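Geometric and topological summary
The residues making up each chain are set out below.
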Amino acid sequence: MQQSLLSDLDLAALLCSRVCHDVISPVGAITNGLELLEVEDDEAMRVMAMDLVRKSAKQASAKLKFCRIAFGAAGSAGAIIDMGEAGDVAKAFVGEEKIKLDWQVPRENRPKQQVKLLLNMMLIAMGSIPRGGVVKAEAIEGGFTIRATGEGAKIFEKTDQVLKGAAPLEEIDARLIQPYYTKRLAEAAGMPLSLALDGADVVVSAIAEATNPVAVGA
């Protein structure tokens, strides 16, 4: 079934909501830390507040850099992006606390559409292991595959429906806009998506169509 498309205005608005959701937590923590510094005289508390500000500023920067590539223009039309740089940005975004990122993608230049697709595939994989675990990103012949390993790994029905084009447009909100956008990226790159269980793992793959080999060119 061919899914109708969101209007440009709706797509832009929902993606903006998604970006705001990603950065609001560290930005709010920065604000709280600065407010505490203004009223707190205890030196130990001031040190804790400053540590909070530093940590949160680092997180906000990492999230904004990631969102710039994953959702933004990230250069002019036809730009290429270094996959090594994209991996560094992705690792900073993921961090080390709940999910660990195993980035096994060669350092090479790729069209930005493919890089954006890979980063968004990573977000879908991360969402499939709500209790944390390991996300492994690999470049394979003709595309990419991402494997999510963790306790309770699962494919969420709504995400699966969106990726298959089976979700009504009126149900696509700020929570579901990211998988919808990933599907659009995959279609534009000629690299259809698949989302499947492999044992206890969730695997997200995007492989170039045989009729469109140009999609994987560097």
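Our structure is the block above this text.
Remember, predicted model here, so these are calculated numbers, not experimental data.

1. So, the sheet that holds strand 2 (residues 99-104)
Taking strand neighbours across the sheet as the criterion, the five strands line up as 2-4-5-7-6 in an open arrangement whose pairing is mixed. Because the sheet does not close on itself, it has two edges, and the strands there are strand 2 and strand 6 (193-198). Across the sheet, the axes of successive neighbouring strands diverge by a mean angle of 15°, strand direction being ignored. Note: strand 4 (residues 133-140) against strand 5 (residues 143-149), seven bridges, orientation antiparallel. Of the residues in strand 5, the one forming a bridge with Val135 is Ala148. In the packing of helix 3 (residues 83-94) onto the sheet, contacts are made with strand 2 and strand 5, and the angle to strand 2 comes to roughly 170°.

2. Points about the environment of Trp103
With respect to the helices, strands and loops of the structure, Trp103 is situated in strand 2. Residue Trp103 is classed as buried on the basis of its relative accessible area of 11%. For the pair Trp103 and Pro168, spaced 65 residues apart in sequence, the C-alpha separation works out to 34 Å.

3. Here we look at the packing of aromatic side chains
Taken as a whole and assessed by the stated rule, the structure comprises two aromatic pairs. Taken together, a centroid distance of 4.0 Å and an interplanar angle of 15° make the contact between Phe66 and Phe93 stacked. Linking Phe66 in helix 2 (residues 43-70) with Phe93 in helix 3, this pair joins segments that are 27 residues apart in sequence. Plain terms: the ring middles of Phe71 and Tyr181 are 6.0 Å apart, the flat faces sit at 50° to each other, and that makes the pair tilted. Here Phe71, found in the loop between helix 2 and strand 1 (80-82), pairs with Tyr181, found in helix 6 (residues 177-189); they are 110 residues apart in sequence, far enough to count as distant. Taken as a pair, Phe71 and Tyr181 share a single burial class, namely buried.

4. Some thoughts on the pairing of strand 7 (residues 201-207)
Here strand 7 lies mainly inside the structure; six of its seven residues are buried. In the sheet, strand 5 pairs with strand 7 via six bridges, with the strands oriented antiparallel. Paired with Gly143 across the two strands is Ile207, which belongs to strand 7. Relative to strand 7, strand 6 runs antiparallel, the two being bridged by six bridges. Bridging from a neighbouring strand, Ser194 pairs with Ser205 of strand 7. Here strand 6 folds back onto strand 7 in antiparallel fashion, the turn holding two residues, of which Gly199 has a positive phi close to 70°.

5. Here's the deal with the pairing of strand 4
As judged from the six bridges shared by strand 2 and strand 4, these two strands associate in the parallel manner. Following the sheet pairing, Ile99 is matched in strand 4 by Gly133. What sits between the antiparallel neighbours strand 4 and strand 5 is a turn of two residues, in which Gly142 has the positive phi angle 85°.

Rules used in this analysis
Residues numbered from 1 in each chain as written. Predicted model: local features only at pLDDT ≥ 70, side-chain atom pairs only at ≥ 80, totals over all residues. Heavy atoms only, no water. Pairing = 2+ DSSP bridges. Helix = DSSP H or I, 4+ residues; strand = E, 2+ residues; numbered from the N terminus. Axes fitted to C-alpha atoms, helices over the stretch in contact; angles between N-to-C directions. Contact = heavy atoms within 4.5 Å. Buried < 20%, exposed > 50% of the residue type's maximum accessible area, 1.4 Å probe, protein only. Phe/Tyr/Trp six-rings, centres within 6.5 Å; stacked < 30°, edge-to-face > 60°.

Taken by themselves, the reported measurements are silent on function.
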